[in-house]
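Observations on chain architecture
What follows is each chain in one-letter form.
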Amino acid sequence: MKTYKVAALLLRYPEPDWLAELPQLECALEEERRANHHAAQAMAPLLRFLAGPLLASQEHYVDTFDRQPRHGLYLYEHLHGESRGRGTAMVELLERYRRHGLELDGDELPDHLPVFLEFLSLLPRRQARRELRPVGEVLRLLARRLGEAKSPYAGVLEALTRLAPRRASADEAVQPSRPMEQLLEREGRSPQGEEPLLTPETLVPVASIRRRPPSRTGEPT
């Protein structure tokens, strides 16, 4: 879907070249409003904000994402921290990118959310939703944190959470809802007020796991 491409651009550092395309980006969201659950409405505050002074947009981006690790857009950092598991997961993700013709620049990490959204935009709609499922809780966590910070970027994350399935079908593994809240209940915050790290080990275990067979080619987009 174009919606993933639009979200990928909106979550990148504001630059004049793509900011000039904001009207076209909004039109693309409206074209897919039924499939993207009216994402244009959720992203409208950010679109208005980015239409303002460039310097203010750039400063807000740096303050929000570069100076606030809890708002970081590196998905596996929230899931794995700096453990070896993050490196393994990124290698596997990079291989999936390459199989779909997505090559990264030398400075880009595969778990950066804008890069991941670029990848989703290349996939059939159903396959993209399946790819979203493992990071759905991270998206919800970021949406909540950005909302608490009153950042216009919260709308992009909120729109993405609507596209990320909360529940799996009967033959798939399912992650428990609101694992960060469950973790906070068990461990609480640090003396500095920081939330505990969300990792696979801290999630409530699933009683049984069955795998979905490989997706068939030719799925509708």
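Residues numbered from 1 in each chain as written. Predicted model: local features only at pLDDT ≥ 70, side-chain atom pairs only at ≥ 80, totals over all residues. Heavy atoms only, no water.

**A few points about helix H8 (residues 113-121)**
Within H8, eight of the nine residues are buried, leaving the element largely enclosed by the surrounding structure. For H8, the set of buried residues is Leu113, Pro114, Val115, Phe116, Leu117, Glu118, Phe119 and Leu120. Tucked into the core, H8 has its buried residues touching helix H1 (2-10), helix H6 (75-80), helix H7 (84-99), helix H9 (125-132), helix H10 (136-148) and helix H11 (154-163). (Buried < 20%, exposed > 50% of the residue type's maximum accessible area, 1.4 Å probe, protein only. Helix = DSSP H or I, 4+ residues; strand = E, 2+ residues; numbered from the N terminus. Contact = heavy atoms within 4.5 Å.)

**Quick look at the environment of Leu46**
With respect to the helices, strands and loops of the structure, Leu46 is situated in helix H4 (residues 39-50). Classification of Leu46 as buried rests on a relative accessible area of 0%. A sequence separation of 106 residues divides Leu46 from Pro152, and the C-alpha atoms of the two residues are 4.8 Å apart. Sequence-distant contacts of Leu46, that is, excluding residues within four places in its chain, are made with Leu10, Pro152, Tyr153 and Val156.

**A few points about the confidence of the model for the protein**
With 73% of its residues at a pLDDT of at least 70, the protein reaches an overall mean of 79. Low pLDDT (under 50) marks residues 167-189, which in the prediction has 52 contacts with non-local residues, meaning those over four places away or in another chain. Taken together, the stretch residues 199-221 has pLDDT below 50 and engages in 34 contacts with residues farther than four places along the chain or on a different chain. (pLDDT = per-residue confidence, 0-100.)

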